[in-house]
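Each chain, written out:
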Amino acid sequence: MKKLLTYAVVIATIVWSMGMGALIPAASAAYAPVANDIVKVTGVNRPAVYIIGSDLKPYVFSTRNTYGAWFDNFSALKYISQAEFDALTLGGNVTLKPGSLLKFDNGDNIYAVVPGNKLCKLPADADAKTLYGANYASRALLIQVAFVSNYTVDTACALTKDSKLPNGTLIKYASSSDIWYIDNGTKRQVSNEAFLANGFKTANIVSDVAATMSYSAGASITGKEAGL
């Protein structure tokens, strides 16, 4: 397992190197890991960025697109030394945020990312437009096939034009400005504060959803919730 994690980090480092310029480090005190910290090892040849998990292990953002699915900028980035990083135990790879659309670089299929690192395949173009809107394809984030093993294609949730939108999707009905999050088959209204606190993306909202796509209403999301 350690060899696999090391290999993943090497690939991730290469991908980050191709996708972004070197970030400028700032001096820092001795680092003690805190859950949800965003960290990077100081040095122009150390481009990979990590998030500290609840287990206090660093999880690597395997691509720039993966990072962008969670965060808009690097304002929270903390720099640590190589020695501080080496003292940590690697946790694995971060995957795209649920609600994102994904396309691997070795094929044309587009998938909806749902909680649990699962993928629901979108239907043919015309039917996908019925579900996600005319510009759905431009939302798909390109991920290198080297990271395909981080996900599981769930054939049970393959979508059709008659499907409901899957768990993890943000929706807005055509007749309302309210935003809802699909969670275990229910819709949960998202407050403005919760939208920001949970790092939701306006670009991921599926707008103009028909009233005929109905869900039972669950508890509103009013603040930050683990797992979202």
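Residues numbered from 1 in each chain as written. Predicted model: local features only at pLDDT ≥ 70, side-chain atom pairs only at ≥ 80, totals over all residues. Heavy atoms only, no water.

### Quick look at the pairing of strand β6 (residues 101-104)
And step 1. Pairing analysis gives two bridges linking β6 to strand β7 (residues 111-114), with the strands arranged antiparallel. Bridged to Leu-101 within β7 is Ala-112.
And step 2. Where β6 hands over to β7, the hairpin turn is made up of six residues, counted between the paired strands.
And step 3. With three bridges connecting them, β6 and strand β9 (residues 141-143) associate as parallel partners. For Lys-103, the partnering residue across the bridge sits in β9 and is Leu-142. (Pairing = 2+ DSSP bridges. Helix = DSSP H or I, 4+ residues; strand = E, 2+ residues; numbered from the N terminus.)

### Digging into the sheet that holds strand β1 (residues 38-41)
And step 1. Read across the sheet, five strands follow the order β4-β1-β2-β3-β5 without closing on themselves; strand pairing throughout is mixed. Each edge of the open sheet is held by one strand with a lone partner, namely β4 (77-80) and β5 (92-94). Across the sheet, the axes of successive neighbouring strands diverge by a mean angle of 40°, strand direction being ignored.
And step 2. Where β1 and β4 come together, four bridges link them in parallel fashion. Counted as the bridge partner of Lys-40 is Tyr-79 from β4. (Axes fitted to C-alpha atoms, helices over the stretch in contact; angles between N-to-C directions.)

### Points about the sheet that holds strand β11 (residues 170-173)
And step 1. Taken in spatial order, the five strands make up an open sheet running β14-β11-β12-β13-β15, and their pairing is mixed. Every interior strand has two partners, whereas the edge strands, β14 (205-209) and β15 (216-217), have only one.
And step 2. The pairing of β11 with β14 spans three bridges and is parallel. Within the sheet, the bridge partner assigned to Tyr-173 lies in β14 and is Val-209.

### Some words on the pattern of salt bridges
And step 1. The full count for this structure, using the stated rule, is six salt bridges.
And step 2. Lys-78 is paired through a salt bridge with Asp-37; the nearest N and O atoms lie 3.2 Å apart. Of this pair, Lys-78 sits in strand β4 while Asp-37 sits in the loop between α1 (2-19) and β1, and the two are 41 residues apart along the sequence.
And step 3. Exposure remark for Lys-78: the relative accessible area of 39% places this residue in the partly exposed category.
And step 4. On the accessibility criterion, Asp-37 (9% relative accessible area) is buried.
And step 5. We note a salt bridge from Lys-129 to Asp-125, for which the minimum N-O separation is 3.2 Å. Taken together, the residues span about one helical turn, with Lys-129 and Asp-125 both in helix α4 (residues 125-132) at a distance of four residues. (Salt bridge = Lys/Arg side-chain N within 4 Å of Asp/Glu carboxyl O. Buried < 20%, exposed > 50% of the residue type's maximum accessible area, 1.4 Å probe, protein only.)

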